[in-house]
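Residue-level listing of the chains:
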Amino acid sequence: MGRLEQDYREALDGLRFSDAGKERIMKNLMERQTGQSVKGKRFRPLRAALIAAAVCLALVGTAFAASPGLRNLLAEALGGFAPYAQEQGGEPCVINGIEFRVKSVLADDFTVRAFIEARDLEGDRLSKLVPNEVDAVFGLVDVPRKDTDNSEGMGGGTMGGTCLGYDAETKTALLSVTSWGLVLGDDLSGSEVRLFDLNAGPGQQTLWENMEGTTLPVEIKPIPSLVADAELASALQAEEVRISNLGLSAIFKGDAAWPQFAGASVRARLTDGTLVEAPWEGGQGSFGAYGTDSERKVLVWNFREPLELEQVDGIYVGEEYFPVKGLFTSR
């Protein structure tokens, strides 16, 4: 055992962690030290204060996982979608006294949703967030987009964010932000979460602001979507209808048909009679040039639980039912 490792272990002996926990922290510390070695310089014994600081740095990566309540928040938020979510491995980022870490991302052709853990380092501001309150989190997931002839300013999507829960033990909240209706590019590298502010209570009191405009990088791998047979698209007066385990989206040409479906809820009927809900959340987008033949509108619904596509017998849009068994094909 080297002197550095011995010093670290002595520092850890004064902390209340299980032996397995100490070993994980020890491994983290030694990996960090290896990555920070400087050519041509000999190691000097670390003072106790520096060792303690290094231990604290190693604990940053484990703080979010320390509380069972916090782990349960993410597990409950993902639910059955966990196998479809992309776990994120990025470093935490401190913005105006709150440490943010993107934990997971769910995406398909027209929905991108990021789950973010936020820990207050300077107080207890996050305890004021109201779970599931609309617009408690003002932010979006920004992605590279395809060129869809937006020369006249047409193009974009909607966004939404909320607090999914709060863990008092770690002063950490689980947040989600969603972008709908964007036409994703073929290469999604460079995607990032943009958080603008956090709000709570009557009048949406601002609890935190991202004054510097700092962003959080994310990796995105969309779930594949299937395309509905032209029969269903025609029934909805849409140009194309797509479905994935995450949601249903309808692409409309021009402005004529889509308003009658915006605001309607969607339900998928499975072969065993079960109904899977996809309430309207305001998900929509547009692309193409306004007033031209390229103008398109997209409406997006997200299912409350993952949809097994081969089990879908039909789709309700509002109260109108459309049989779809066997009507979906690969894109």
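All figures in this text were calculated on a predicted structure; none of them were measured in a lab.

(A) Region of the structure containing the nonpolar core. If you look at the biggest cluster of nonpolar residues, it comprises 32 residues, and the most contacted ones within it are Phe 100, Ile 116, Leu 175 and Val 193. Of all the secondary-structure elements, those providing two or more residues to this core are β3 (98-107), β4 (111-120), β5 (137-142), β7 (172-180), β8 (192-200) and β9 (205-209). Here the element with the most residues in this core is β3; it accounts for 5 residues. Beyond its immediate stretch of four places on either side in the chain, Ile 116 contacts Phe 100, Arg 101, Val 102, Lys 103, Ala 173, Leu 174, Leu 175, Val 177, Val 193, Leu 195 and Leu 216. Judged by nonpolar contacts, the second largest core, of 31 residues, contains Ile 243, Ala 257, Ala 268 and Phe 328.

(B) Representation of the environment of Gly 80 in the model. Locating Gly 80 in the fold gives a position in the loop between α4 (68-78) and β1 (86-87). Through-space distance from the C-alpha of Gly 80 to that of Arg 304 is 9.3 Å; in sequence the pair is 224 residues apart.

(C) How the structure looks around empty space enclosed by the protein. Applying the stated rule across the entire model yields 2 cavities of 30 Å³ or more. Roughly 40 Å³ of volume is contained in the largest cavity. As for the largest cavity, its lining consists of 13 residues, and the residues nearest its centre are Asp 108, Ser 225, Gly 247, Leu 248 and Ser 249. Listed by contribution, the elements that provide at least two residues to the lining of the largest cavity are β12 (240-243), β13 (247-253) and β17 (296-302).

(D) Summary view of the environment of Ala 228. Here Ala 228 is to be found in strand β11 (residues 226-228). Judged by relative accessible area, which is 10%, Ala 228 ranks as buried. The spacing of Ala 228 and Val 241 is 13 residues in sequence and 5.3 Å in space, taken between C-alpha atoms. Each residue touching Ala 228, except ones within four places of it in the same chain, is listed here: Val 241, Leu 327 and Phe 328.

(E) Broad picture of α4. Those residues of α4 lying buried are Leu 70, Leu 73, Leu 74 and Leu 78. Each buried residue of α4 lies within a common arc of 120° when the element is viewed along its axis, so the set occupies one face. Packing partners of the buried residues in α4 comprise β3, β4, β6 (156-167) and β7.

(F) Layout of the sheet that holds strand β18 (residues 312-317). The antiparallel open sheet is built from 4 strands, whose spatial order is β15-β14-β18-β19. A single partner strand is all that each edge strand has here, and the edge strands are β15 (275-278) and β19 (320-323). In this sheet, neighbouring strand axes are inclined to one another by 20° on average, regardless of whether the strands run parallel or antiparallel. As judged from the 5 bridges shared by strand β14 (residues 266-270) and β18, these two strands associate in the antiparallel manner. Directly across from Val 266, in β18, lies its bridge partner Val 317.

(G) Expanded view of the packing of aromatic side chains. A complete count under the given rule lists 5 aromatic pairs for this structure. Ring centres of Phe 252 and Phe 261 lie 6.0 Å apart, and the angle between their planes is 20°; this geometry places the pair in the stacked category. Owing to a relative accessible area of 2%, Phe 252 belongs among the buried residues under this scheme. Taking 4.7 Å as the distance between ring centres and 50° as the angle between the ring planes, the aromatic pair formed by Tyr 316 and Tyr 321 counts as tilted. Under the relative-accessibility criterion, Tyr 316 is labelled buried at 19%.

(H) Molecular detail of unusual backbone geometry. Phi angles above zero are rare outside glycine, and Lys 171 is one such case at about 55°. Position of Lys 171 relative to the elements: it lies in the loop between β6 and β7. Despite not being glycine, Gln 237 has its phi angle at roughly 60°, a positive value. Position of Gln 237 among the secondary structure elements: in the loop between α5 (230-235) and β12. Gln 237 sits in the partly exposed class, given a relative accessible area of 46%.

(I) View of a nonpolar patch on the surface. Together, Phe 138, Met 159 and Phe 196 make up an exposed nonpolar region whose accessible area comes to about 240 Å². Structurally, Met 159 is set in strand β6.

Basis of the calculations
Residues numbered from 1 in each chain as written. Predicted model: local features only at pLDDT ≥ 70, side-chain atom pairs only at ≥ 80, totals over all residues. Heavy atoms only, no water. Core = buried A, V, L, I, M, F, W, Y, C linked by side-chain atoms within 4.5 Å. Buried < 20%, exposed > 50% of the residue type's maximum accessible area, 1.4 Å probe, protein only. Helix = DSSP H or I, 4+ residues; strand = E, 2+ residues; numbered from the N terminus. Contact = heavy atoms within 4.5 Å. 1 Å grid on protein atoms, 1.4 Å probe; cavity = no way out; pocket = protein on both sides within 12 Å on 5 of 7 lines; lining within 4 Å. Points joined across faces, edges and corners; volume = space filled by probe spheres on them. Arc of directions from axis to C-beta. Pairing = 2+ DSSP bridges. Axes fitted to C-alpha atoms, helices over the stretch in contact; angles between N-to-C directions. Phe/Tyr/Trp six-rings, centres within 6.5 Å; stacked < 30°, edge-to-face > 60°. Patch = residues over 30% accessible without salt bridge, like charges linked within 9 Å, V, L, I, M, F, W, Y side chains within 5 Å. Areas by Shrake-Rupley, 256 points an atom, 1.4 Å probe, with all protein chains shown as cover. Salt bridge = Lys/Arg side-chain N within 4 Å of Asp/Glu carboxyl O.

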